[in-house]
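# Per-entry structural report
Here are the chains, one letter per residue:
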Amino acid sequence: MSEVKLAAELRSEFGKGAARRIRRDSKVPGVLYGHGSDPVHVTLPGHELLLALRTPNVLLSLDIEGKTELAIPKAVQRDPLKGFLEHVDLLLVKRGEKVTVEVPVHTEGELAPGGYLLEHVLNALPVEAEATHIPESVSVSVEGLEAGASVLAKDITLPNGVVLAVEEDAVVLQVLAAQAEEPAAEGEGEGEEAAEA
């Protein structure tokens, strides 16, 4: 798992006006919380944070006025139209500490021939892992699966030290038969002809 170092500044101004000024300077307001400590309001470099957040559950090493803190993103607010970062909530973590996060599920292989559809019931799998060893994703083979087949959480191979934070029997993926819509259309036409006769 990658660790990204960012320089953070303590923030003393709050409210919409202060947040707009921070964003105008290409920075992002954020809050750092956890471990029973008071929330710490910080300002983070916008571009570097945006790049770091491309990695799911990225571990951030924050240099806050000479003191280093480890954190993972907990909530990220983006502008709905332009996509830039508006605010970020960060959770303090320590090396060796276990955290619960959602890890993206990636599929490998092809379904059996026959026009089947793969439904992602869970796009991300809740797991518990050491804060410094969170997997970026988990992979699942769907090779040759047919309609009615499902992949349960317990069927997914997890890296060492990572355990499920969801029921073992939770459905993660399922294979569906493709629905044909033509018979329904023919049935409607027959009903109209019968009404005319």
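Model, not experiment: these values are computed from the prediction. (Residues numbered from 1 in each chain as written. Predicted model: local features only at pLDDT ≥ 70, side-chain atom pairs only at ≥ 80, totals over all residues. Heavy atoms only, no water.)

## What about the sheet that holds strand β9 (residues 124-130)?
Strand order in the open sheet formed by four strands is β10-β7-β9-β12, and the pairing between neighbours is mixed. The sheet is open, and its two borders are formed by β10 (138-141) and β12 (163-164), each paired with just one other strand. The sheet contact formed by β9 and β12 spans two bridges and is antiparallel. In the strand pairing of β12, Glu 128 is matched with Val 163. (Pairing = 2+ DSSP bridges. Helix = DSSP H or I, 4+ residues; strand = E, 2+ residues; numbered from the N terminus.)

## A look at the nonpolar core
Membership of the largest hydrophobic core comes to 27 residues, with the highest contact counts inside it found for Ile 72, Leu 125 and Ile 156. At four residues, the largest contribution of residues to this core is made by strand β7 (residues 98-108). When sequence neighbours within four positions are dropped, the list of residues in contact with Leu 125 reads Val 101, Glu 102, Val 103, Val 105, Val 138, Ala 153, Ile 156, Leu 158, Leu 164, Val 166 and Val 172. Leu 32, Val 58, Leu 62 and Ile 64 belong to the second-largest nonpolar core, a separate cluster that totals 18 residues. (Core = buried A, V, L, I, M, F, W, Y, C linked by side-chain atoms within 4.5 Å. Buried < 20%, exposed > 50% of the residue type's maximum accessible area, 1.4 Å probe, protein only. Contact = heavy atoms within 4.5 Å.)

## Quick look at helix α1 (residues 16-24)
Every buried residue belonging to α1 is among Ala 18, Ala 19 and Ile 22, and all of these are buried. Taken around the axis of α1, the buried residues stretch over an arc of 100°, which confines them to a single face. Relative to its buried face, α1 has exposed residues pointing more than 90 degrees away, namely Lys 16 and Arg 24. Buried residues along α1 sit in contact with β2 (27-34) and β3 (37-45). Phi for Ser 26, located one or two positions after α1, is positive at around 60°. (Arc of directions from axis to C-beta.)

## Structural notes on the environment of Ala 112
Among the secondary structure elements, Ala 112 is positioned in the loop between β7 and β8 (116-120). Residue Ala 112 is classed as buried on the basis of its relative accessible area of 10%. Separated by 30 residues in the primary sequence, Ala 112 and Val 142 have C-alpha atoms spaced 8.8 Å apart. Excluding anything up to four places from it in sequence, Ala 112 contacts Gly 144, Leu 145 and Glu 146.

## Focus on unusual backbone geometry
Within the chain, Glu 65 stands out as a residue other than glycine whose phi angle is a positive 50°. Relative to the elements of secondary structure, Glu 65 occurs in the loop between β4 (59-64) and β5 (67-78).

## A look at the pattern of salt bridges
As enumerated under the stated definition, the model contains two salt bridges in all. The residue Asp 169 makes a salt bridge to Lys 154 at a minimum N-O spacing of 3.3 Å. Remark: Lys 154 occurs in the loop between β11 (150-152) and β12 and Asp 169 occurs in the loop between β12 and β13 (171-177); sequence separation between them is 15 residues. (Salt bridge = Lys/Arg side-chain N within 4 Å of Asp/Glu carboxyl O.)

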